[in-house]
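Structural characterization, general
For reference, the chains in residue letters:
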Amino acid sequence: MPTATGVTVELSDAVVRAAGRVLLQNAAATFEPGQVTLIVGPSGAGKTTLLRLLAGLLDEGDEGIEAQGTVTLDGVEASPGQRRGSMGVVFQGHALFDELAPLANVRLAESHRRRRATGGPPAGRSRELLRELGVPLHVRTSALSGGQRQRLAVARTLAYDPDVILYDEPTAGLDSATAAEVATLIRATHASHPKTSIVVTHDYEALGPIADRIYLLDPQARSLRPIDRGQWSQLREQLRPLAADEPSQTPPLVERL
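The rules behind the values
- Residues numbered from 1 in each chain as written.
- Predicted model: local features only at pLDDT ≥ 70, side-chain atom pairs only at ≥ 80, totals over all residues.
- Heavy atoms only, no water.
- Pairing = 2+ DSSP bridges.
- Helix = DSSP H or I, 4+ residues; strand = E, 2+ residues; numbered from the N terminus.
- Contact = heavy atoms within 4.5 Å.
- Axes fitted to C-alpha atoms, helices over the stretch in contact; angles between N-to-C directions.
- Core = buried A, V, L, I, M, F, W, Y, C linked by side-chain atoms within 4.5 Å.
- Buried < 20%, exposed > 50% of the residue type's maximum accessible area, 1.4 Å probe, protein only.
- pLDDT = per-residue confidence, 0-100.

Taken in spatial order, the four strands of this open sheet run 2-1-4-5, and their pairing is antiparallel. Edge strands, defined here as strands with exactly one partner in the open sheet, are strand 2 (21–31) and strand 5 (76–77). Pairing between strand 4 (residues 65–73) and strand 5: two bridges, direction antiparallel. Each bridged residue has a counterpart across the sheet, and for T72 the counterpart in strand 5 is E77. Sheet strands in contact with helix 1 (residues 47–55) are strand 1 (9–18), strand 2 and strand 4, and its direction is about 45° off that of strand 4.

Moving on, we get to the nonpolar core. Ranked by size, the top nonpolar core spans 39 residues in total, and within it L38, L130 and I214 carry the most contacts. When residues in this core are grouped by element, the largest group, seven residues, is from helix 5 (residues 146–160). In contact with L38, not counting residues within four places along its chain, are V199, T201, L207, G208, A211, R213, I214 and Y215. A14, A55, L73 and V89 belong to the second-largest nonpolar core, a separate cluster that totals 33 residues.

A few words now on the confidence of the model for the protein chain. For the protein chain, per-residue confidence averages 86 on the pLDDT scale, and 87% of positions sit at 70 or higher. For the stretch residues 247–257, pLDDT sits under 50, and the model shows 40 contacts to residues farther than four places along the chain or on other chains.

Take unusual backbone geometry next. Not every positive phi belongs to a glycine, and D74 is a case in point at roughly 50°. Looking at where D74 falls in the secondary structure, it is placed in the loop between strand 4 and strand 5. Assessed through its relative accessible area of 52%, D74 is described here as exposed. With a phi angle near 55°, A95 is a residue other than glycine that sits in the positive phi range. When you line up the elements, A95 lands in the loop between strand 6 (87–90) and helix 3 (102–111).

Here is the structure:
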């Protein structure tokens, strides 16, 4: 089994406000390398905003959103710019360049990857990643199926060689069978590339089985709290009252490479 190559990500003193409402107050969480961690919450609870905070992708011009907090990578506080270099995002809408071939999409990400002092996979693995993830090389990106586009998005993120992979609502809008396939894809990717993996989702039923740890984002209590494994089967009951009181939707994640 490959050795875990991610970093320990620690979030502390996190505050998230959206549309004038406080969604998180003084929240904290730890994400371990070699683990898949879910952040589960109802739609509009601030999950994507929290992902943006972790990834260093928040812009001051994001109207109606305020988020702050300290993010450390292996114990060292990281600025937004440093986080962008350490984290790769698999966007909800995939954010692919349809005018480029699948191979060109992946090579573009590889060309922007960080230069590590030591370690990391060798460059020039774009074709290998596409083959590993079952993405056809000779089909236009615009002609790929939804599942193939998802796999291409994962391949592109891996080519960037981040320490942390963030998945933004990877099963949104999918039926249960397709959502289960996406969960299998994430788990298989993590098994082959065991970085620090963080998934924000409302779909605990499809993604819960692949998780090593689960946090519940509770906008009513303004908290981000770990859920004991013995209580995972009760997540439906914990989420039901939160979904009934969904706050105003936070703006979608701005998709960028």
